[in-house]
Amino acid sequence: MELIIGLQAENTKPTRDLTPEVRLMNPVSATIELPPWLAEVVSKADFHSGQLVGDSDAARMQWAIDLSRRNIAEKTGGPFAALIVEESTGACVAAGVNLVVTSGTSVAHAETVAILLAQRGVGTFDLAGRSPRRYTLYATGQPCIMCFGVIWWSGITKLVCGARGEDVESLTSFREGPLPANWPALLSQRPHVPIEIIRDVERAAACEVLKAYTAGGHPVYNPGSTA
């Protein structure tokens, strides 16, 4: 399952067949591909109906945490996952995991991947514009500085978080960026369509995944970490 952003030029070699130098000189598309194991999960009917992930915030968060744990086990990315659910029906519209290293792009955080797929699936860049439908984002960690902006613009109307930013930084050494201390208030005060914020749902379980990631010696990617 792929999300392709941009235009693919005709009569060109696939990007994977080009040398790194040529890819840098001739960027014609950007692709984020879900790992096969996750693509298989989200293609199932009981995922889309919501039956697979449950109907409570805790159950849905636990399901996202299970995805983050499997992302580590499969060695397909970082210890984070996200799920987007349509609030009135309970239907799951997208799931994402952290794919920064495997995709080669720093924007491929779990929340971003899930939002991109949800917007493509729903057919709009504004998830708040599909009234009366409203969408909840379940994220195993609170947003970093980048995902804070992505969530603001996405149209998501409810955000449920597991681990806190201080958990992420202390347990993994990821640097989450200068997120304002009052970030929940800023999102909840978004003009016209405020975002409901619920924190610390299954926080301990989310933190256990972070600990396991560090204990396994997996890569910690920060700006300048590959220098």
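Each value, and the rule that gives it
- Residues numbered from 1 in each chain as written.
- Predicted model: local features only at pLDDT ≥ 70, side-chain atom pairs only at ≥ 80, totals over all residues.
- Heavy atoms only, no water.
- Helix = DSSP H or I, 4+ residues; strand = E, 2+ residues; numbered from the N terminus.
- Buried < 20%, exposed > 50% of the residue type's maximum accessible area, 1.4 Å probe, protein only.
- Areas by Shrake-Rupley, 256 points an atom, 1.4 Å probe, with all protein chains shown as cover.
- Pairing = 2+ DSSP bridges.
- Axes fitted to C-alpha atoms, helices over the stretch in contact; angles between N-to-C directions.
- Salt bridge = Lys/Arg side-chain N within 4 Å of Asp/Glu carboxyl O.
- Disulfide = S-S within 2.5 Å.
- Phe/Tyr/Trp six-rings, centres within 6.5 Å; stacked < 30°, edge-to-face > 60°.
- Parallel < 35°, antiparallel > 145°, perpendicular 65-115°, else oblique.
- Left-handed = near helix turned anticlockwise from the far one by under 90°.
- Contact = heavy atoms within 4.5 Å.
- Nonpolar A, V, L, I, M, F, W, Y, C, P; charged D, E, K, R; others polar.

Asker: Explain the overall build of the protein chain to me, using residue names and the numbers behind them.
Answerer: For the protein chain, the count of helices and strands is 10 helices and 7 strands. Split into buried and exposed, the 227 residues of the protein chain put 45% on the buried side. Only carbon and sulfur atoms are counted for the fraction: they give 56% of the accessible area of the protein chain, which is about 11400 Å².

Asker: How would you explain the sheet that holds strand β3 (residues 81-86) if you had to name every residue and give the values?
Answerer: Read from one edge of the open sheet, 5 strands run β4-β3-β5-β6-β7, paired in mixed fashion. With partners counted over all chains shown, the strands left at the sheet margins are β4 (92-97) and β7 (196-198), one partner each. Strand-to-strand, the axes of this sheet are offset by a mean angle of 15°, without reference to chain direction. Where β3 meets strand β5 (residues 135-141), 5 bridges bridge the pair, whose relative direction is antiparallel. Within β5, the residue paired with Val-85 across the bridge is Thr-136.

Asker: Help me get a handle on the pattern of salt bridges, residues and values and all.
Answerer: Scanning all chains against the criterion turns up 7 salt bridges. Note that Asp-66 is salt-bridged to Arg-69, the shortest N-O span being 2.9 Å. A residue pair is termed a helical-turn pair when its members lie 3 or 4 positions apart in one helix, as Asp-66 and Arg-69 do in helix α4 (residues 57-73) at 3 residues. With a relative accessible area of 37%, Asp-66 lands in the partly exposed category. On the basis of relative accessible area, Arg-69 is assigned to the partly exposed category, the value being 39%. The residue Arg-203 makes a salt bridge to Asp-200 at a minimum N-O spacing of 3.8 Å. By relative accessible area, which is 30% here, Asp-200 ends up partly exposed.

Asker: I'd like a rundown of the state of the cysteines, residues and numbers included.
Answerer: A complete count under the given rule lists 0 disulfides for this structure. Of all cysteine sulfurs, the one in Cys-147 lies closest to Cys-144, which takes part in no disulfide; the gap is 3.8 Å. In this structure Cys-144 comes out as buried when scored by relative accessible area, which is 8%. Using a relative accessible area of 1% as the deciding quantity, one classes Cys-147 as buried.

Asker: So what about the pairing of β3? Which residues, and what values?
Answerer: Consecutive side chains along a regular strand alternate between the two faces of the sheet. Among the 6 residues that make up β3, 6 are buried, leaving the element largely enclosed by the rest of the structure. Where β3 folds back on β4, the antiparallel hairpin that results is connected by 5 residues, among which Gly-90 adopts a positive phi of roughly 80°.

Asker: Summarise the packing of aromatic side chains; cite the residues concerned and give the values.
Answerer: Tallied over the entire structure, the rule returns 4 aromatic pairs. Chaining the aromatic ring pairs together yields one cluster made of Phe-80, Phe-174, Tyr-213 and Tyr-221.

Asker: Kindly report on the packing of helix α8 (residues 165-172) against helix α10 (residues 203-215), identifying the contributing residues and their values.
Answerer: Contact geometry of α8 with α10 gives a least axis separation of 9 Å together with a crossing angle of 25°. By the angle between their axes, α8 is roughly parallel relative to α10. Between α8 and α10 lies a crossing of right-handed hand. Where α8 approaches α10, its residues Glu-166, Asp-167, Val-168, Leu-171 and Thr-172 are matched on the opposing element by Arg-203, Cys-207, Leu-210, Lys-211 and Thr-214. Tallied by class, residues from the contact of α8 with α10 come to 4 nonpolar, 2 polar and 4 charged.

Asker: Hey, could you go over unusual backbone geometry for me, with residue numbers and the actual values?
Answerer: Phi at Ser-173 takes a positive value of approximately 75°, unusual for a residue other than glycine. Along the chain, the position of Ser-173 falls in the loop between α8 and α9 (183-188). Under the relative-accessibility criterion, Ser-173 is labelled partly exposed at 47%. Here Asp-200, not a glycine, exhibits a phi torsion of approximately 65°, which is positive. You can see Asp-200 is positioned in the loop between β7 and α10.

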